[in-house]
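Here's the letter readout for the chains.
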Amino acid sequence: MFQSKKDRQNELEMVTIDELVPENHLLRKIDHYIDFSFIPEKVRPYYCEDNGRPSLDPLVLFKMMFIGYIYGIRSERELERQIQTNVAYRWFLGLNLTDAVPHHSTISWNRRMRFNETDIFQEVFDEVVHQAMNHRMVSGRVLYTDSTHLKASANKKKFSRKDVHVETADYIDELNEAVEQDRSDHGKKPLKEKKEVNKTKEIKVSHTDPESGYLYREHKPEGFFYLDHRTTDMKFNIITDVHITPGNIHDSKPYLQRLDRQVKRFGFKVEAVGLDAGYLTAPICHGLEQRNVFGVIAHRRYQSKKGFLPKWKYKYDENLDRYV
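The structure contained in this document is the topic of the report that follows.

Thresholds applied
Residues numbered from 1 in each chain as written. Predicted model: local features only at pLDDT ≥ 70, side-chain atom pairs only at ≥ 80, totals over all residues. Heavy atoms only, no water. Buried < 20%, exposed > 50% of the residue type's maximum accessible area, 1.4 Å probe, protein only. Helix = DSSP H or I, 4+ residues; strand = E, 2+ residues; numbered from the N terminus. Pairing = 2+ DSSP bridges. Core = buried A, V, L, I, M, F, W, Y, C linked by side-chain atoms within 4.5 Å. Contact = heavy atoms within 4.5 Å. 1 Å grid on protein atoms, 1.4 Å probe; cavity = no way out; pocket = protein on both sides within 12 Å on 5 of 7 lines; lining within 4 Å. Points joined across faces, edges and corners; volume = space filled by probe spheres on them. Nonpolar A, V, L, I, M, F, W, Y, C, P; charged D, E, K, R; others polar. Axes fitted to C-alpha atoms, helices over the stretch in contact; angles between N-to-C directions. Parallel < 35°, antiparallel > 145°, perpendicular 65-115°, else oblique. Salt bridge = Lys/Arg side-chain N within 4 Å of Asp/Glu carboxyl O.

Here we take up the pairing of strand β5 (residues 223–233). Every other side chain in a regular strand lies on the same face of the sheet, so the side chains alternate between the two faces. Summarising burial for β5: 10 of the 11 residues are buried, a large majority. One ladder, built from 9 bridges, connects strand β1 (residues 142–151) with β5; its direction is antiparallel. From the neighbouring strand, Asp 146 faces β5, where its bridge partner is Arg 230. Summarising the sheet, strand β4 (residues 213–215) and β5 pair through 3 bridges and their orientation is antiparallel.

Here it is in structure tokens:
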């Protein structure tokens, strides 16, 4: 017997929102293992205790940003629309079916203004890593790091040129001291002091997004970008560190500093790290050796210049303590 259900949408039903969310839903797992109750206490100093209108629950605003990141919803307007119709999102946020969803402008204002120039997002990130460690999901023994470029919302043809000072790498002074010590141990005269040269280079500064950097590398897109430097733990691929720099910063420049931060912040006892060929630089190799960390770094083939010998043609003579 033919029948239609088009008129059943106005029927009243007794149901809880918890019944509408599948038991194996990803947000249920996240809610089970991560205790978000620390967030209101961390953000309390950024709210007035006795003045102004009652604020929206900051926990809801942070969880909305988590949903946007987890499901790749980049637009805050779209995030608001998705939460209005997605029962699982409402359940995760603690909203009933008839509760109003916070306006997208509220999320944007809190992200850009209330917590601007604060470390609150880093503190929340670190606390989640600590909870993962408590669940034995992070060991801190082997870490993998890489960076990926993120396109800035900026026209690559609209920029101004600016000269900036190029700072000498931190390891240069230490390297010079080691060279002088080695020459002294072998009875050699010290090298002549080099005159300091104030090196500068010209960079492109975007008119739209001056915090971004102009990326120009072989086999990479050209334009204004950011670099997302990310470290993951080997045990369960949990992200333990995220650091954003302009796109014209070399991948390896912030690496040792971020590695030291993780060791200090989480108490990691790092035994080995995995890096791609972009991190095969003298400062990184030297820094890892100092820290007694075994570095597994992808090989890079260098083309020797005309008139110069490639590295593989040099052999170390232990008796003479020199390369020949």
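For soluble globular proteins, nonpolar side chains are generally found buried alongside one another. By size, the foremost hydrophobic cluster in this structure holds 29 residues, and its most contacted members are Ile 39, Met 64, Ile 83, Phe 92 and Leu 93. Every element with two or more residues in this core is listed here: α1 (26–33), α2 (38–43), α3 (58–70), α4 (76–85), α5 (87–93) and α7 (120–134). Of the residues forming this core, the biggest block, 6 residues, is contributed by α3. Contact partners of Met 64, with chain neighbours within four places excluded, come to Leu 79, Ile 83, Leu 93, Val 101, Pro 102 and Ile 107. Formed by 16 residues, the second largest nonpolar core is a distinct cluster that contains Val 138, Phe 268, Tyr 279 and Ile 284.

Taken as a whole and assessed by the stated rule, the structure comprises 1 cavity of 30 Å³ or more. Here the largest cavity is characterised by a volume of approximately 80 Å³. Taken together, 13 residues make up the lining of the largest cavity; nearest its centre are Thr 145, Thr 231, Asp 241, Tyr 255 and Arg 258. Looking at the lining of the largest cavity element by element, the count peaks at 4 residues for helix α9 (residues 255–266). Its residues placed into classes, the lining of the largest cavity shows 4 nonpolar, 5 polar and 4 charged.

With that settled, consider the packing of α9 against helix α10 (residues 282–290). The geometry of α9 relative to α10 is characterised by a closest axis approach of 10 Å and an angle of 25° between their N-to-C directions. The pairing of α9 with α10 is recorded here as roughly parallel in orientation. When α9 is examined against α10, the residues Tyr 255, Leu 256 and Leu 259 are found in contact with a partner set consisting of Pro 283, Ile 284, Gly 287 and Leu 288. When grouped by side-chain class, the residues that make up the contact of α9 with α10 number 6 nonpolar, 1 polar and no charged.

This part covers the pattern of salt bridges. Scanning the model with the defined rule gives 12 salt bridges in all. Taking the shortest distance from any N to any O, the salt bridge between Asp 31 and Lys 63 comes out at 3.8 Å. You can see Asp 31 sitting in helix α1 and its partner Lys 63 sitting in helix α3, a full 32 residues away along the chain. The partly exposed category is assigned to Asp 31, whose relative accessible area is 32%. A relative accessible area of 8% means that Lys 63 is categorised as buried. With its nearest N and O atoms 2.9 Å apart, the salt bridge here joins Arg 81 to Glu 78. With Arg 81 and Glu 78 both in helix α4 and 3 residues apart, this pair spans about one turn of that helix. In the salt-bridge network here, residues are joined through shared partners; they are Asp 126, Arg 261 and Arg 265.

Geometric values such as these leave the question of function open.
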